[in-house]
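What follows is each chain in one-letter form.
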Amino acid sequence: MIIKKTARFYVIEAVPRLALRDVTGPAGLALLRRHGFLIVTSLGSEFERRLEALRLSMLEWFRQSSETKEDRVGGVYVSERGVPMFRVGYEAQARIRECFRIAVAKPLWPGESRAARDAIVLFRKLADRVLAAAVPRPRRAEEEEVDEDFSVAYAFYYPNTDAYGLDNNGTLVGPHADPSLVVVAPVADVPGLYVFDPATQSWLSVEIAARPRRELVLFSGKALETASRGAIPACVHKVLKTSKTPRLSFVFEQKYASFYSHLRHFGD
Ligand SMILES: [Fe+2]
């Protein structure tokens, strides 16, 4: 529940939340237009089982020695703009977090477990359905087949142990919107992700507003804002250190080349 104080009243506004089956209907699109994000609930037992498998596999993977993790580095990911961005696989980002990046089209997986790929299948399917509903456009089947997939997924481990960010209200990742179309993230166990709600002009802690392991947050990126001609605002979000508890999170970011052709630096 969001409580917003106006000059005379407290306005109580429910957190935008919808069952998975309703997200791509008119109610889901209306919430995305108003808030730029929504909480997805009633995922079903199979979806919840895959979220739990993903959580356990991340926990196990990040617990390994630094040497083992540092061995797991792959090729360079070239973004939807044709810009070399980073190497896929493991990277320790000093004082902030550890990260494992997965380029969905050419994945390097964090471990032997199928948990990450199984979860990505579900996140991608959901993001694809939302995109088709939000930006209905006639695309021939062969066009969809050749549309290059620049989607990425990130597993993050925030140790939250040192004092980094505490002098800046605990800010680990400052407010920004992603370049993606649709972003899907399971609700983490530990608070840290905050989304800005333009409807209430306030920040919402995703993990306090939603149920870890049972719900997802789905939000829009800049490309969805552009593709929807501004109807769906890109969701501004940030990551804060709110306690000394380590925090695991996973984020799937949908990006298809055809939505970025105006940004590319070179021809295909
Ligand atoms: Fe982000």
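Residues numbered from 1 in each chain as written. Predicted model: local features only at pLDDT ≥ 70, side-chain atom pairs only at ≥ 80, totals over all residues. Heavy atoms only, no water.

Draft legend 1. Fine view of the nonpolar core. Counting residues in hydrophobic clusters, the biggest one holds 79 residues, and the most contacted among them are Phe123, Leu216, Leu218 and Phe250. Sorting elements by how many residues they give to this core places helix α4 (residues 115-134) first, with ten residues. Excluding anything up to four places from it in sequence, phenylalanine 123 contacts Phe47, Leu51, Leu54, Val184, Pro186, Leu216, Phe250 and Phe252. (Core = buried A, V, L, I, M, F, W, Y, C linked by side-chain atoms within 4.5 Å. Buried < 20%, exposed > 50% of the residue type's maximum accessible area, 1.4 Å probe, protein only. Helix = DSSP H or I, 4+ residues; strand = E, 2+ residues; numbered from the N terminus. Contact = heavy atoms within 4.5 Å.)

Draft legend 2. Expanded view of the packing of helix α2 (residues 45-62) against α4. At their nearest, the axes of α2 and α4 sit 8 Å apart, and the two run at 140 degrees to each other. Between α2 and α4, the interaxial angle falls into the category oblique. By crossing handedness, the relation of α2 to α4 is classed as left-handed. When α2 is examined against α4, the residues Phe47, Arg50, Leu51, Ala53, Leu54 and Ser57 are found in contact with a partner set consisting of Ala115, Ala116, Asp118, Ala119, Val121, Leu122 and Phe123. For the contact of α2 with α4, the residue count by class is ten nonpolar, one polar and two charged. (Axes fitted to C-alpha atoms, helices over the stretch in contact; angles between N-to-C directions. Parallel < 35°, antiparallel > 145°, perpendicular 65-115°, else oblique. Left-handed = near helix turned anticlockwise from the far one by under 90°. Nonpolar A, V, L, I, M, F, W, Y, C, P; charged D, E, K, R; others polar.)

Draft legend 3. Quick peek at the coordination of the iron ion. Looking at the metal site, the iron ion is ligated by His176 (NE2), Asp178 (OD) and His237 (NE2), spaced 2.2 Å from it. The exposure class assigned to histidine 237 is buried, which follows from its relative accessible area of 5%. (Donors = N, O, S within 2.8 Å, 3.2 Å for Na, K, Ca; no water.)

Draft legend 4. Quick look at the sheet that holds strand β10 (residues 182-186). Taken together, the nine strands give an open sheet; going across it, the order is β3-β4-β13-β10-β15-β8-β7-β6-β5, and neighbouring strands pair in mixed fashion. The outermost strands of the open sheet, each flanked by one partner alone, are β3 (17-19) and β5 (73-78). Strand-to-strand twist across the sheet, computed as the mean angle between neighbouring axes with direction ignored, equals 25 degrees. Bridge count for β3 against strand β4 (residues 37-41) is three bridges, and the pairing is parallel. Pairing of leucine 18 across the sheet is with valine 40, part of β4. Across the sheet, helix α1 (residues 26-35) is in contact with β3, β4 and β13 (216-220); its angle to β4 comes to roughly 140 degrees. Most of the contacts of α4 go to β10, to which it runs at about 140 degrees, and overall it touches β7 (97-103), β8 (152-158), β10, β13 and β15 (247-253). (Pairing = 2+ DSSP bridges.)

Draft legend 5. Inspection of unusual backbone geometry at higher detail. Its identity as a non-glycine residue notwithstanding, serine 42 has a phi of 50 degrees, on the positive side. Residue placement: serine 42 occurs in the loop between β4 and α2. Although it is not a glycine, asparagine 160 adopts a positive phi angle of roughly 55 degrees. For asparagine 160, a relative accessible area of 4% corresponds to the buried category.

Draft legend 6. Region of interest: the layout of surface pockets. What the largest pocket holds in volume is close to 480 Å³. Tyr154, Phe156, His176, Asp178 and Glu253 are, among the 30 residues lining the largest pocket, the residues nearest its centre. Secondary-structure elements contributing two or more residues to the lining of the largest pocket are β6 (84-93), β7, β8, β9 (171-176), β10, β14 (237-240) and β15. Top contributing element to the lining of the largest pocket by residue count: β15, with five residues. Among the residues forming the lining of the largest pocket, the class breakdown is 17 nonpolar, four polar and nine charged. (1 Å grid on protein atoms, 1.4 Å probe; cavity = no way out; pocket = protein on both sides within 12 Å on 5 of 7 lines; lining within 4 Å. Points joined across faces, edges and corners; volume = space filled by probe spheres on them.)

Draft legend 7. Region of interest: the environment of threonine 24. For threonine 24, the location among the structural elements is in the loop between β3 and α1. Threonine 24 sits 110 residues away from alanine 134 along the chain, and the two C-alpha atoms are 8.0 Å apart. Residues contacting threonine 24, with those up to four places away along its chain left out, are Arg129, Val130 and Ala133. Among the polar contacts made by the side chain of threonine 24, one reaches the side chain of arginine 129 at a distance of 3.2 Å. (Polar contact = N/O pair within 3.5 Å; in protein donor to acceptor, adjacent residues only side chain to side chain.)

Draft legend 8. Focus on the pattern of salt bridges. Under the counting rule described, the total for this entry stands at 14 salt bridges. When the shortest N-O distance is used, the salt bridge between arginine 50 and glutamate 46 registers 3.0 Å. Residue arginine 50 and its partner glutamate 46 are located together in helix α2, separated by four residues, close to a single helical turn. What makes glutamate 46 partly exposed here is its relative accessible area of 37%. In this structure, aspartate 118 engages arginine 114 in a salt bridge whose closest nitrogen and oxygen atoms are separated by 3.6 Å. (Salt bridge = Lys/Arg side-chain N within 4 Å of Asp/Glu carboxyl O.)

Function-wise, these values are silent; they only describe arrangement.
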